[in-house]
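Coordinates in review
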Amino acid sequence: NAGVMQNPRHLVRRRGQEARLRCSPMKGHSHVYWYRQLPEEGLKFMVYLQKENIIDESGMPKERFSAEFPKEGPSILRIQQVVRGDSAAYFCASSLDGGNTEAFFGQGTRLTVV
Amino acid sequence: GENVEQHPSTLSVQEGDSAVIKCTYSDSASNYFPWYKQELGKRPQLIIDIRSNVGEKKDQRIAVTLNKTAKHFSLHITETQPEDSAVYFCAASIIQGGKLIFGQGTELSVKP
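Structure report, in brief. (Residues numbered from 1 in each chain as written. Chains lettered and ligands numbered in written order. Predicted model: local features only at pLDDT ≥ 70, side-chain atom pairs only at ≥ 80, totals over all residues. Heavy atoms only, no water.)

**Some remarks on the environment of Leu40 of chain B**
Summarising the element assignment, Leu40 of chain B is placed in the loop between β4 (32-38) and β5 (45-51). Along the chain, Leu40 of chain B and Ala86 of chain B lie 46 residues apart, while their C-alpha atoms are 7.3 Å from each other. (Helix = DSSP H or I, 4+ residues; strand = E, 2+ residues; numbered from the N terminus.)

Here it is, written out as structure tokens:
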């Protein structure tokens, strides 16, 4: 059973471009969480999704950021018109049911905006 | 809003000494408190966790204590080894598989 898979591992974008980060949860997991880790800081919650539903997006910036978790395929975190301040590591975690089961983290995508 | 404060931000100990990291949380609805170890460039790895109905939990050299009344919890590492050097994060959540609110992290350095 493969763990949580994120790709790409490293992503370089120029200011103004779009960044798409993908997260494939563990097999059977239907709950996905995205976190952002700025350099030398802790992880900040961004969004919580179940299949086809956004449950909690209280940590998402109001503009340029969006997330989805379609019925088929990986969860996508999309950042439009990236700026230097978006440079960070983006981690996703998945859990079986959002209840009393462990959430497992992926290896992260390191986004660098140049 | 929900907040977790973690101290100290850096901690340096000699090999064999103990290390203690402390966290306080604000949301009284929190019931699950995991600790993660993150090595440079790697994913956070769960090392120990505790639920609100338990005051202390131990796993070999690692222990966690929880004071729910005071809303604080601590990580204790005994007989530290150089491979314990990493950044440690505490977190709080309402349930185990739910949204995590993380502390700011403690960079632990164990000197041989």
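**Some details on the nonpolar core**
Trp35, Phe73, Leu75 and Leu108 of chain B are the most contacted members of the largest nonpolar core, which totals 24 residues. Elements represented by at least two residues in this core include exactly β2 (10-14), β3 (19-25), β4, β5, β7 (62-67), β8 (72-77), β9 (86-92) and β11 (106-111) of chain B. Filtering out sequence-adjacent residues up to four positions away, Leu108 of chain B remains in contact with Leu11, Val13, Ala19, Ile77, Asp84, Ser85, Ala86 and Tyr88 of chain B. Core analysis: the second largest hydrophobic core is formed by 23 residues, Leu11, Met46, Leu49 and Ala67 of chain A among them. (Core = buried A, V, L, I, M, F, W, Y, C linked by side-chain atoms within 4.5 Å. Buried < 20%, exposed > 50% of the residue type's maximum accessible area, 1.4 Å probe, protein only. Contact = heavy atoms within 4.5 Å.)

**Examining the sheet that holds strand β1 (residues 5-7) of chain A**
In any sheet, the strands associate via hydrogen bonds between backbone groups, in a parallel or an antiparallel arrangement. Residues and elements named next belong to chain A. Strand order across the open sheet formed by four strands is β1-β3-β8-β7, with antiparallel pairing between neighbours. Strand pairing shows two members of the sheet lacking a second neighbour, β1 and β7 (65-68), which therefore form its edges. Within this sheet the neighbouring strands show an average axis-to-axis angle of 15 degrees, counted without direction. Of the strand pairs in this sheet, β7 and strand β8 (residues 75-79) are connected by four bridges, and their pairing is antiparallel. When the bridges of β8 are listed, Ser66 appears paired with Arg78. (Pairing = 2+ DSSP bridges. Axes fitted to C-alpha atoms, helices over the stretch in contact; angles between N-to-C directions.)

**A word on the sheet that holds β7 of chain B**
Residues and elements named next belong to chain B. In space, the five strands of this open sheet follow the order β1-β3-β8-β7-β6, with antiparallel pairing throughout. Either end of the sheet is taken by a strand with one partner, and the two such strands are β1 (4-7) and β6 (56-59). Strand after strand, the sheet turns through a mean of 15 degrees between neighbouring axes, direction not considered. Two strands pair when backbone bridges link them, and β6 and β7 are joined in this way by four bridges, in the antiparallel orientation. Considered in β7, the bridge of Lys58 is made with Ala63.

**Some points on the side chain of Asp86 of chain A**
Residue and element names in this part refer to chain A. For Asp86, the location among the structural elements is in the loop between β8 and β9 (88-95). A polar contact of 2.7 Å, which involves the side chain of Asp86, links it to the side chain of Arg64. Setting aside residues no more than four positions away along its own chain, Asp86 makes contact with Arg36, Arg64, Phe65, Ile79, Leu111 and Val113. (Polar contact = N/O pair within 3.5 Å; in protein donor to acceptor, adjacent residues only side chain to side chain.)

**Points about the interface of chain A and chain B**
The accessible area lost on association of the parts is a frequent measure of interface size. Contact with chain A, which involves 23 residues of that partner, is made by 18 residues of chain B. Contact between chain A and chain B buries roughly 1,700 Å² in total, counting both sides, with carbon and sulfur atoms accounting for 50%. For the chain A face of the interface with chain B, the top three residues by lost area are Leu43, Asn100 and Phe105 of chain A, together amounting to 30%. Taken together, chain A and chain B are joined by one salt bridge. One can count six residue pairs in polar contact (both at pLDDT 80 or more) joining chain A with chain B. Mapped onto the side of chain A that touches chain B, the elements with two or more residues apiece are β4 (31-37), β5 (43-50) and β9 of chain A. It is β4 of chain A that provides the largest number of residues to the side of chain A that touches chain B, a total of three residues. (Buried area = accessible area lost by both parts, 1.4 Å probe. Salt bridge = Lys/Arg side-chain N within 4 Å of Asp/Glu carboxyl O.)

The values reported here are purely geometric and, on their own, carry no functional implication.
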